[in-house]
Amino acid sequence: EERIARQADLFKNHALGHYKGKSDAQLQEMAKREIYIGEYFAKNNLSNPKVPEAEIKDYYEQRKQQYAAKEDSVHVQHILVQIPEYATDEAREKARQKIDEARELIASGEDFAEVARKFSEDNAASAGGDIGYIQRGYMPPEFDAAAFTLEPDKLSEVVKTKFGYHVLQVVDRIDKGRIPPYEDLKDFFGKYLQNNLSKKVLDDHIRTLRKKAKIEIFLD
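These remarks concern the structure in this document. Keep in mind that this is a model prediction, so the values were computed, not measured.

Analysis parameters
Residues numbered from 1 in each chain as written. Predicted model: local features only at pLDDT ≥ 70, side-chain atom pairs only at ≥ 80, totals over all residues. Heavy atoms only, no water. Phe/Tyr/Trp six-rings, centres within 6.5 Å; stacked < 30°, edge-to-face > 60°. Buried < 20%, exposed > 50% of the residue type's maximum accessible area, 1.4 Å probe, protein only. Helix = DSSP H or I, 4+ residues; strand = E, 2+ residues; numbered from the N terminus. Arc of directions from axis to C-beta. Core = buried A, V, L, I, M, F, W, Y, C linked by side-chain atoms within 4.5 Å. Contact = heavy atoms within 4.5 Å.

Considering the packing of aromatic side chains
For the structure on display, the rule yields eight aromatic pairs. Judged by centre distance (4.5 Å) and plane angle (40 degrees), the rings of Phe 11 and Tyr 19 are tilted. On the basis of relative accessible area, Phe 11 is assigned to the buried category, the value being 6%. The exposure class assigned to Tyr 19 is partly exposed, which follows from its relative accessible area of 24%. Note on Phe 188 and Phe 189: the rings are 5.6 Å apart at their centroids and 45 degrees apart in plane angle, and the pair reads as tilted. Relative accessible area serves as the criterion here: at 49%, Phe 188 is assigned to the partly exposed category. Since its relative accessible area comes to 1%, Phe 189 is described here as buried. Ring pairing ties together the aromatic residues Tyr 59, Tyr 60, Tyr 67, Tyr 182, Phe 188, Phe 189 and Tyr 192, which thus form one cluster.

Considering helix H3 (residues 53–63)
Taken together, the buried positions of H3 are Ile 56, Tyr 59 and Tyr 60. Here the buried residues of H3 occupy an arc of 100 degrees about the axis, which is enough to place them on one side. Of the exposed residues in H3, those oriented more than 90 degrees away from the buried face are Ala 54 and Gln 62.

Some details on the nonpolar core
Within soluble globular proteins, side chains that are nonpolar generally end up buried alongside one another. The biggest cluster of nonpolar side chains holds 16 residues, and the ones touching the most others in it are Ile 79, Ile 99, Ile 106, Phe 112, Val 115, Tyr 165 and Val 167. Secondary structure elements with two or more residues in this core: strand E1 (73–82), helix H4 (89–107), helix H5 (112–119) and strand E4 (164–174). Those residues in contact with Phe 112 that sit more than four places away from it in its chain are Gln 77, His 78, Ile 79, Ile 106, Gly 128, Leu 155, Val 167, Leu 168 and Gln 169. Counting residues in hydrophobic clusters, the runner-up holds 12 residues, among them Val 76, Phe 143, Ala 146 and Leu 150.

Here it is, written out as structure tokens:
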């Protein structure tokens, strides 16, 4: 009864108001049904069936070519010091000094992400300058030229684009045609196979119940 009351309370205070308009009695009945079904699934091993590792690996081997990279891409983190469109020479010089200072701190051993949070002037600053994986053309040509020639974990020279001054570092590189390793796709494939197995297990269980059930049909 305590579990039912807690669940009914969660329904009642749902953040998106999905159960607005339901009476307390209706919420109690819904909560009771959800808990009973959950208990039944757990008792009959219908919840989250385990997919054998060998089956996941076999599924990966059969489909890995479908996930080969279509284009070259690089995982980049950067620091940007902006230059306003009508900046004075003095403002440009200050921007250059700021990006040079940031680069020197990183070159001397400071963490790139921490320096990015302090110095960078773009939306990625709070994420340590991480802009994720990019393909050619996503950033200006000058940025691409540095990003796609830079070795992972190496620090670039200062790069000037229409946005301002950048310092960047490549975290990872994915060449066109590269197949993601098994570990990268294991959880994704495992969840997919588990969902399929859950449906099969439940369907089999329902068929078994139907065979055992005593069914009476009353005709008008």
